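# Per-entry structural report
Chain by chain, the residues run as shown.
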Amino acid sequence: MAGVPSSSGSLPVIDMSPLFDTSGSEARRQVARDIEQACRDTGFFYVSGHGVPDVLVARMEALSHRFFALPREAKEAMDMARGGPAWRGWFPLGGELTSGKPDRKEGLYLGTELGPEHPRVKAGWPLHGANLWPEDLPELRGVVLEYMDRVTRAAHALMEGVAESLGLERDYFHRAYTADPTVLFRIFHYPAEPEPVDGEERWGVGEHTDYGLLTLLAQDANGGLQVKSRRGWVEAPPIPGTLVCNIGDMLDRLTGGWYRSTPHRVKNVSGRDRLSFPLFFDPDFAAEVPPLPNVAVDEDRAHRWDGASVHAFSGTYGDYLLGKVSKVFPQLVRRVL
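Residues numbered from 1 in each chain as written. Predicted model: local features only at pLDDT ≥ 70, side-chain atom pairs only at ≥ 80, totals over all residues. Heavy atoms only, no water.

Quick look at the overall build of the protein now. Each helix and strand counted, the protein has 9 helices and 14 strands in total. Buried residues in the protein amount to 53% of all 337 residues. Across the protein, contacts joining residues at least 24 apart in sequence account for 77% of those joining residues at least 6 apart. (Helix = DSSP H or I, 4+ residues; strand = E, 2+ residues; numbered from the N terminus. Buried < 20%, exposed > 50% of the residue type's maximum accessible area, 1.4 Å probe, protein only. Contact = heavy atoms within 4.5 Å.)

Shown next, in the form of structure tokens:
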């Protein structure tokens, strides 16, 4: 049946805690091997030992429920158009497009908090600036910023593991791309859906791949994430104490297709409101992202979900990213960029 994931197959769980040990232990080398296997197979895996306390995730989930329960006018005070070029704030149900189709979710766009004195903010760089925070829920700010800091730390460690899995020096990506990463964070709310009429598919998010290097995702207990593995669509249900990690198009590009970004989608069939918390850990906005040295680039158009090669662009990561987000929010991009 269309849209029903296969029950076969599962995603691995990797204890990433050895990556915080810089001594070069065998446990660390094993994590790198595990990362290579996962990236070569599905491009998706769970990580435990990531250093993000369960109590922090629970606090963020509780506050997020409170945010989305605010009156519409309170959320409209944080509309993304008010965020200007920083591209921050709230968007309503159906306000974001995936492959040209409205998603069945609302959300809050956030990112690295930069003040007006920051050189890139002064220069008017898009996707750089301050977040918008709800006046009626001031405690959300501190919880979100702490969560972002902790997950960003985990992402830096994971990229060291990725580097080692590719036979590179552990700090290769940090030196070349992520000393000043583009960090974007989203809080998504998928309302409980009624039963579809006449077999209509109602996707919270349609099939897509992520743009950057790594995505680290916390999700609530309601599930709904599906991953397109070689064996068909498989569920990626929540596992307590873990984050879901997947590789994005830029890591696919850097490795010449050795590690492939994997299509995924979301359908909330729980009968309850669903929350998810993806953090996108991407290259520096100003960095160019060519394939790694001595990498044979695999032509990918034939097997890409959208027929669009990850190798078919030149310029900086920022150029690439702006081209992508302009398709997600076409009306907004005409107003603020």
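Next comes the rest of the account.
Summed over the entire model, instances satisfying the criterion amount to 16 salt bridges. The closest approach of N and O atoms between R33 and E26, which form a salt bridge, is 2.4 Å. Given a relative accessible area of 37%, R33 falls into the partly exposed group. Via salt bridges that share partners, R28, E160, E164 and R170 belong to a single interconnected network. (Salt bridge = Lys/Arg side-chain N within 4 Å of Asp/Glu carboxyl O.)

So, about the packing of aromatic side chains. The full count for this structure, using the stated rule, is 10 aromatic pairs. Ring centres 6.4 Å apart and planes at 35° place the aromatic pair F173 and Y177 in the tilted group. With F173 and Y177 both in helix 6 (residues 172-178) and 4 residues apart, the pair spans about one turn of that helix. Looking at Y177, the relative accessible area reads 7%, which means it is buried. Counting every residue linked through ring pairs, the aromatic cluster contains F91, Y109, F188 and Y190. One Lys or Arg, K267, reaches over the ring of W203 and ends 4.3 Å from the middle of that ring. (Phe/Tyr/Trp six-rings, centres within 6.5 Å; stacked < 30°, edge-to-face > 60°. Lys NZ or Arg CZ within 6 Å of the ring centre and 35° of its normal.)

The next thing to look at is the side chain of H128. Mapped onto the elements, H128 comes out in the loop between helix 4 (119-122) and helix 5 (139-165). By relative accessible area, H128 is classed as buried at 11%. A polar contact is formed between the side chain of H128 and the side chain of R120, at a distance of 3.3 Å. At 2.8 Å, the side chain of H128 and the backbone oxygen of P126 are in polar contact. Setting aside chain neighbours within four positions, we find H128 in contact with P85, A86, R88, L114, R120, V121 and F285. (Polar contact = N/O pair within 3.5 Å; in protein donor to acceptor, adjacent residues only side chain to side chain.)

So, on to the side chain of D220. Looking at the secondary structure, you find D220 in the loop between strand 9 (214-219) and strand 10 (225-229). It turns out D220 is buried and unbridged, and the closest side chain with the opposite charge, R274, is 4.7 Å from it. Within the structure, the side chain of D220 is placed 3.0 Å from the backbone nitrogen of N222, a separation counted as a polar contact. A distance of 2.8 Å separates a polar atom in the side chain of D220 from the backbone nitrogen of L275. With sequence-adjacent residues up to four places away left out, D220 is seen in contact with E61, P238, D273, R274 and L275. (Lys, Arg positive; Asp, Glu negative; His and termini not counted.)

A few words now on the environment of P191. Positionally, P191 belongs in the loop between strand 7 (182-190) and strand 8 (205-208). A sequence separation of 81 residues divides P191 from R272, and the C-alpha atoms of the two residues are 7.0 Å apart. The residues contacting P191, other than those within four sequence positions of it, are L93, R104, K105, N268 and D273.

Let us now look at the sheet that holds strand 14 (residues 274-282). One open sheet accounts for 8 strands, arranged 1-2-12-9-14-7-6-3; its pairing is mixed. This sheet does not close on itself; its edge strands, each paired only once, are strand 1 (13-15) and strand 3 (89-91). Strand-to-strand twist across the sheet, computed as the mean angle between neighbouring axes with direction ignored, equals 25°. Here strand 3 runs beside strand 6 (residues 106-111); their pairing, made up of 3 bridges, is antiparallel. Looking across to strand 6, one finds that W90 is bridged to L108. The sheet contacts of helix 1 (residues 26-41) involve strand 1, strand 2 (44-48) and strand 12 (243-247), and relative to strand 1 the element is tilted by about 160°. (Pairing = 2+ DSSP bridges. Axes fitted to C-alpha atoms, helices over the stretch in contact; angles between N-to-C directions.)

Okay, helix 2 (residues 54-68) next. For helix 2, built from 15 residues, the straight-helix expectation of 21 Å at 1.5 Å per residue is met to within 8% by its first-to-last C-alpha distance of 21 Å. Along helix 2, the residues classified as buried are L56, V57, M60, L63, S64, F67 and F68. Taken down its axis, helix 2 places every buried residue within 130° of arc, on the same side. Those residues of helix 2 that are exposed and angled more than 90 degrees off the buried face are D54 and V55. (Expected span 1.5 Å × (residues − 1). Arc of directions from axis to C-beta.)

Let us now look at the packing of helix 1 against helix 5. Where helix 1 contacts helix 5, the axes come no closer than 8 Å and their chain directions differ by 80°. Judged on the interaxial angle alone, helix 5 and helix 1 are roughly perpendicular. Along its contact with helix 1, which presents R28, A32, I35 and E36, the element helix 5 presents L158, E160, G161, V162, E164 and S165. The residue makeup of the contact of helix 1 with helix 5, split by class, is 4 nonpolar, 2 polar and 4 charged. (Parallel < 35°, antiparallel > 145°, perpendicular 65-115°, else oblique. Nonpolar A, V, L, I, M, F, W, Y, C, P; charged D, E, K, R; others polar.)

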